[in-house]
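# What the coordinates show
For reference, the chains in residue letters:
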Amino acid sequence: MSETQQFQVAADCPQCGGGIEFEEEASVIRCNYCGSALLLGNRQGVVRYTVEPRIRVEDLNRLVTRVIYKQTGRSITRLLEQRSLKAPFWRIRGNVFRWILGRRKTSGSEAALGATAQYEKDLKARWLDFTFPAYQKPDVGLYSLGVRASVIQLRYFSPSSRDHEAEFIKVDVPVKQALLRGLRAMRAGLASSKVKQPEMERIELIGERASLIYFPLWVVSCAYPRGSATLIIDALGGDVLKAWWDGVEKVQVHSGAWLDKAAGLGPVQFLPFRCPECGWDLPFHPYNTIHVCRNCHRAWNENHGRLVEVDYFAVDPPKAAKHKWAFLPFWTFRGVIVHRNHRVENMAQLLRLTVPPRVVDFQAEAQNPIRFFIPAFKSRGLSHLNRMAHILVLRTPSRSYIPRHRLEEKNLMGVYLPQEEARQMARIVVFSLIPAGNRQARQVLGRGKLELYEPCLEWFPFAVSKHNYTEALSGFALARNSVEVS
Ligand SMILES: [Zn+2]
Ligand SMILES: [Zn+2]
């Protein structure tokens, strides 16, 4: 669900050794030299990158001489010491959702009429993307890499190919703290204009990705007629980030053999992009997270370097309707909400806590489990998707499935949302079910824990018209231009 600028990643093709360049978010890439399609595996933890310096050691003399001349007017400079440092930066990204529930803001005239305070709910969503130092010391005068995305080229960090010249500054800001800091930075931007006094809120960072980028620096101490100085130089752009003009400064750095443990996971892998069952090439879609084999119709998901089969179904469209159908994917789960000793596990219990969309036969609904349907296609309208998931959970559509051998000609759209993100989305959907004024619902749905079982993928038929995709069972319409088709 990323919406912002991406860094470029450079790597060597494991098949032919040719240089490949691709967007950071891609999960399938192709080598332009030998044509191999490769699946990037084992990216579930913190992915580590390094940035190669563009200012080389032999460029330093000229660069420093120019800086010193500009600052002091003296033209002879002698380098006393130069060190190559790699400074780690956290890069935190994800969608932040904030549900706020509380008393409504009332206008002056309403207040004058003695209107009673009403409850209001407000959902805010924003894309979070920021970088900051993953270390506390030393202060090298660089606090973010954000604005440099277009010029930075990343390489996967691998302990075996580690640049031996450089000292790596020790990471001492843990990833949990980094994520919290990211959320806190966002909160201010997600204030509600409707809710006066927030009494309850739910903040979720969905699809969070934390990566560590080692950024290259030079620390140079130099002498010039009647003075000496120490400079910290951005080894990519050549800017002086920090300088001590009154003598040589010792820049203390904590570094060490901590590197391999920092992420807790092995390096990123390049896997052959073939169906593990029948050996056919899988369809090449760089941003899809589920890959459906065109030959044997099995669906695959990459998990820690292996392709694992995923259960899926495609829902049969109504026979009578003569439409052109597009099939959009949803993650489905059976859900249970647990709050202290209270378990909400069937539709009757859930519908009692929310605003039912129709007359409810509670006896019949007590037989039905709670099913979540979380849109898994790529879309720009996040609140819209939440709305759709909200409708579908209250009104589980009855449906029959197309047998696999008939799937050949069907237009199954790509799955963009990983299962883990769908699980996080479901928590936002639960919060959206709370009727603002209902105290018990606030307690149970607002504070309860959501357990999800039986994950599965389902492709739902949508009637294609000039401007919309209209879901066949609920009638929910999506603007065509809000859905990114792949
Ligand atoms: Zn190649
Ligand atoms: Zn296959």
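If you're wondering where the values come from, they're calculated on a predicted model, not measured in any experiment.

Counting its regular elements, the protein contains nine helices and 25 strands. For the protein, the C-alpha atoms occupy an extent of roughly 90 × 70 × 45 Å along the three principal directions. Burial status across the protein gives 32% buried among its 486 residues. Long-range pairs, those at least 24 residues apart, make up 72% of the contacts in the protein between residues at least 6 apart in sequence.

In this structure, Pro174 sits in the loop between strand S9 (167-168) and helix H3 (175-187). Each C-alpha atom, one on Pro174 and one on Thr396, is 42 Å from the other, the two residues being 222 residues apart in sequence.

This part takes up the packing of helix H7 (residues 382-394) against helix H8 (residues 419-432). The interhelical angle for the contact between H7 and H8, taken along N-to-C directions, is 70 degrees, at an axis separation of 9 Å. In terms of orientation, H7 lies roughly perpendicular with respect to H8. Here Asn386, Ala389, His390 and Val393 of H7 lie close against H8, whose contacting residues are Met425, Ile428, Val429 and Ser432. Looking at the contact of H7 with H8, its residues break down into five nonpolar, three polar and no charged.

Let us now look at the domain arrangement of the protein. On domain assignment, one finds that the protein holds domain 1 (51-263) and domain 2 (311-484). Each of domain 1 and domain 2 has a C-alpha centre, and these two points are 39 Å apart. At the interface, 14 residues of domain 1 touch 15 residues of domain 2. Each residue belonging to the side of domain 1 that touches domain 2 can be placed in one class, and the counts come to eight nonpolar, two polar and four charged.

What follows concerns the pairing of strand S16 (residues 306-310). Relative to S16, strand S15 (residues 299-303) runs antiparallel, the two sharing five bridges. Bridging from a neighbouring strand, Glu302 pairs with Leu307 of S16. Hairpin connection of S15 to S16: two residues between the antiparallel strands, including His304 at a positive phi of 45 degrees.

Here the focus is the sheet that holds strand S13 (residues 269-272). Strand order in the open sheet formed by three strands is S3-S4-S13, and the pairing between neighbours is antiparallel. Each edge of the sheet is formed by a strand with only one pairing partner; in this case those strands are strand S3 (28-30) and S13. The sheet shows a mean angle of 40 degrees between the axes of neighbouring strands, taken without regard to direction. Pairing of strand S4 (residues 37-41) with S13 involves four bridges; the strand directions are antiparallel. Looking across to S13, one finds that Leu39 is bridged to Leu271.

Moving on to the sheet that holds strand S14 (residues 290-292). The strands making up a sheet associate through backbone hydrogen bonding, with each pair oriented either parallel or antiparallel. Read from one edge of the open sheet, three strands run S14-S15-S16, paired in antiparallel fashion. Taken across any chain shown, the strands that pair with only one partner, and hence form the sheet edges, are S14 and S16. Averaged over all pairs of adjacent strands, the angle between their axes in this sheet comes to 35 degrees, without regard to strand direction. Pairing between S14 and S15: three bridges, direction antiparallel. By the bridge assignment for S15, Val292 is matched with Ala299.

The next thing to look at is helix H1 (residues 60-72). The terminal C-alpha atoms of H1, which comprises 13 residues, lie 18 Å apart, in line with the 18 Å expected from a rise of 1.5 Å per residue. Restricting attention to buried positions, one finds in H1 the residues Val64, Val67 and Ile68. When H1 is viewed along its axis, its buried side chains cluster within an angular range of 95 degrees and face the same direction. Set apart from the buried face of H1 by more than 90 degrees, the exposed residues are Arg62 and Lys70.

We now examine H8. When the terminal C-alpha atoms of H8 are compared, their 20 Å separation across 14 residues agrees well with the 20 Å that a helix rising 1.5 Å per residue should span. With 12 of 14 residues buried, H8 is to be regarded as a mostly interior element.

Right, let's talk about the nonpolar core for a bit. Grouped together as the largest cluster of nonpolar side chains are 71 residues, with contacts concentrated most on Ile374, Ala376, Ala389 and Ala426. Viewed by domain, this core spans two of them, domain 1 (51-263) and domain 2 (311-484), each represented by three or more residues. Here Ile374 is in contact with Phe330, Trp331, Ala389, Ala422, Met425 and Ala426, once residues within four sequence places are set aside. With 41 residues, the next largest nonpolar core counts Val47, Val67, Ile92 and Tyr214 among its residues.

Turning to unusual backbone geometry, a few remarks are in order. Here the amide bond leading from Lys137 into Pro138 is cis, since omega sits at -5 degrees, within 30 degrees of zero. Looking at where Pro138 falls in the secondary structure, it is placed in the loop between strand S7 (119-133) and strand S8 (153-156). Although it is not a glycine, Arg226 adopts a positive phi angle of roughly 65 degrees. Looking at the element boundaries, Arg226 is found in the loop between strand S10 (195-224) and strand S11 (227-234). With 7 C-beta atoms packed within 10 Å, Arg226 lands in the exposed category.

On to the pairing of strand S20 (residues 370-375), then. Sheet faces and side chains relate simply in a regular strand, where the side chains alternate between the two faces. Most of S20 is tucked away: five of the six residues are buried. Bridge analysis of strand S18 (residues 325-339) against S20 gives six bridges, and the strand direction is antiparallel. Directly across from Arg334, in S20, lies its bridge partner Arg371.

Let's shift gears to the environment of Ala10. Relative to the assigned elements, Ala10 resides in strand S1 (residues 8-12). A sequence separation of 81 residues divides Ala10 from Arg91, and the C-alpha atoms of the two residues are 18 Å apart. Those residues in contact with Ala10, other than ones at most four positions away along the chain, are Gly19, Glu21, Gln153 and Arg155.

Rules and cut-offs
- Residues numbered from 1 in each chain as written.
- Chains lettered and ligands numbered in written order.
- Predicted model: local features only at pLDDT ≥ 70, side-chain atom pairs only at ≥ 80, totals over all residues.
- Helix = DSSP H or I, 4+ residues; strand = E, 2+ residues; numbered from the N terminus.
- Buried ≥ 20, exposed ≤ 12 C-beta atoms within 10 Å, placed from the backbone.
- Contact = placed C-beta atoms within 7 Å.
- Axes fitted to C-alpha atoms, helices over the stretch in contact; angles between N-to-C directions.
- Parallel < 35°, antiparallel > 145°, perpendicular 65-115°, else oblique.
- Nonpolar A, V, L, I, M, F, W, Y, C, P; charged D, E, K, R; others polar.
- Domains from an automatic or database assignment.
- Pairing = 2+ DSSP bridges.
- Expected span 1.5 Å × (residues − 1).
- Arc of directions from axis to C-beta.
- Core = buried A, V, L, I, M, F, W, Y, C linked by C-beta atoms within 7 Å.

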